[in-house]
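Topology and contacts: notes
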Amino acid sequence: MALAKRRGFIYQASEIYGGINGFWDYGPLGAQLKKNLRDAWWEDVVLNPCGGRPGPNGEPLRMVPLDTSIIQHPKVWEASGHIAGFSDPMIDCRETKQRYRFDHVLVYGPAAAERGGKPFFAFVPDTASEARQKKKAQKAFGEVRSFPLSQLSPADWTQVVAPDAERAGTLTEPRAFNLMFKTYVGATASEDDVAYLRPETAQGIFVQFKNVIDTTRVKVPFGIAQVGKAFRNEVTPRNFTFRSREFEQMEIEFFCHPSEARDWFAFWRDERMRWWRDLGLAGQSLQLREHDKDELAHYARAGAGTADIEYRFPFTAPGFGELEGVAHRSDFDLAQHQKHSKASLEYFDAERGELLPNGAHQGERYLPHVIEPSAGLDRGVLALLCEAYVEDPARASPELLLLSPRLAPIKAAIFPLVNKEGMPAVSEKLYLDVRRRFWRRGLIEHDVKQAIGKRYARMDEAGCPYCFTIDGQTLTDQTVTVRDRDTAHQERIALERVVGYLEERLGPG
Ligand code: GAP
């Protein structure tokens, strides 16, 4: 987090006013890193889906993009089930006015059954309350054990000291707390004007399904992809950007015939896992986890299941945190919107149904099933930063980011060894040449100040893969040094080779 701030990746939102919990801003390098990840997703999902690999039907994938509004008709959220069901159970502490997610709270009690009239001590794991309450419980009981608050019987409810409280019995009963941000559309701000900031981008896709079918030449099976902001009034935003109240999603809704849903589910689950791995989240820190039956969301219960792609973030280790969910949503959403809007969302598939004497098919009308790979852009950035972060005590500045050249916000940096003796003029020209060629791929940096070691260290921390330095020798033999971030190894190459050198590593500009 310190490096992310120091190098301008991520800042606390409204920091000069003390910050606002659950909101984050991306600094210059973070904004570019986030754009690079968003672009990589767009390229590999919309423009060249799955690198050209065919789907389970043996055909190239058909994908189209969409960009829908953050605010939709409130009935969208009624139909989707978000108004009735998108909530977390919350408990409040009457003494400290703190609010907790019921399912996040555990209690310490005696290891043996008998409490001798003493209370339970509640805590939230990984917060200061954990050690504090454990100490109190050990003082009261000696040996202690912990278990979820939800396992306590209602009779014991008044015998709990809340995580930040002094006395027992100050916790309220759990109440459902809707996670959608409410707002008002128009000037009157009456209850008739209530609207919601979307808690997922997916619903915008479902409600435009018919328009996409009618106005383009796509045929089922095909996917609609959308990237955009989503908002959730998370009760306990935490772990840096992992659980934020405003975040970006990269969602695919892939529409297929119900009989093919299982094959498409397996296809997307494996493809999405491969994608994250190819971006650099390789090894033991990435895992695929199939949901148990009782974990499935309401829309996924009847289908082939849900699989989460999870990353072992430093704050979840040794456990994992969700990066992307791949769910078989069946026809839940289209059926709900069809019912609530009264618009037919059925698809007429001319290539199915009985074969007629004239060789054509009779056709089949159905509601397609949906496979939904839904990824978090902010969680992706966070996972990539965590994976890239390395400490190398052998270096003058021991922290560096081993970001892949595709994702690194700064692709190359160009320095004069010293800011005199004709070197800045040469480096400035090289900088402009390189920028003219590679600006589409990301930032190119030119830095003339400070000792060269400090400039290299800055670039290591920024994750810049290549630094080129103009020195005294350049002026005599037209060569420069190129320094590789990963090895800190330097070699000399011809000045005129710099663009070609980068092209070999970054691809054409
Ligand atoms: N349309 C399905 C859907 O929204 P989800 O599992 O609730 O499913 C999808 O969200 C992804 O969005 C998650 O895998 C995660 O990466 C990201 N996400 C969800 N809530 C988030 C939050 N509060 N902060 C940051 N990212 C979040």
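So, here is what we can say about the structure in this document. The structure presented is a predicted model; accordingly, all values stated were derived computationally and were not measured.

With that settled, the discussion passes to helix α5 (residues 128–141). Here α5 is 14 residues long and its end C-alpha atoms lie 20 Å apart, about the 20 Å a rise of 1.5 Å per residue gives. One or two residues past the end of α5 sits Gly142, with phi positive at roughly 80°.

Once that is clear, we can look at the pairing of strand β16 (residues 306–311). Counting buried residues in β16 gives 6 out of 6 residues, a clear majority hidden from the surface. The alternating pattern of β16 places Thr306, Asp308 and Glu310 on one face and Ala307, Ile309 and Tyr311 on the opposite face, and all of these are buried. As judged from the 5 bridges shared by strand β15 (residues 286–290) and β16, these two strands associate in the antiparallel manner. Looking at the pairing, Glu290 lines up with Ala307 of β16. Two elements, β16 and strand β17 (residues 321–330), share 6 bridges in a ladder whose sense is antiparallel. Bridging from a neighbouring strand, Glu310 pairs with Glu322 of β17.

For the rest of this paragraph, the subject is the packing of helix α2 (residues 28–47) against helix α8 (residues 261–278). Contact geometry for α2 and α8: axes closest at 12 Å, N-to-C directions at 140°. Considering the angle they form, α2 stands oblique to α8. Considering only the axes of α2 and α8, their crossing is right-handed. On α8, the residues that touch Leu37, Ala40, Trp41, Asp44 and Val45 of α2 are Arg272, Trp275 and Trp276. Along the lines of polarity and charge, the residues of the contact of α2 with α8 split into 6 nonpolar, no polar and 2 charged.

Rules used throughout
Residues numbered from 1 in each chain as written. Predicted model: local features only at pLDDT ≥ 70, side-chain atom pairs only at ≥ 80, totals over all residues. Heavy atoms only, no water. Helix = DSSP H or I, 4+ residues; strand = E, 2+ residues; numbered from the N terminus. Expected span 1.5 Å × (residues − 1). Buried < 20%, exposed > 50% of the residue type's maximum accessible area, 1.4 Å probe, protein only. Pairing = 2+ DSSP bridges. Axes fitted to C-alpha atoms, helices over the stretch in contact; angles between N-to-C directions. Parallel < 35°, antiparallel > 145°, perpendicular 65-115°, else oblique. Left-handed = near helix turned anticlockwise from the far one by under 90°. Contact = heavy atoms within 4.5 Å. Nonpolar A, V, L, I, M, F, W, Y, C, P; charged D, E, K, R; others polar.

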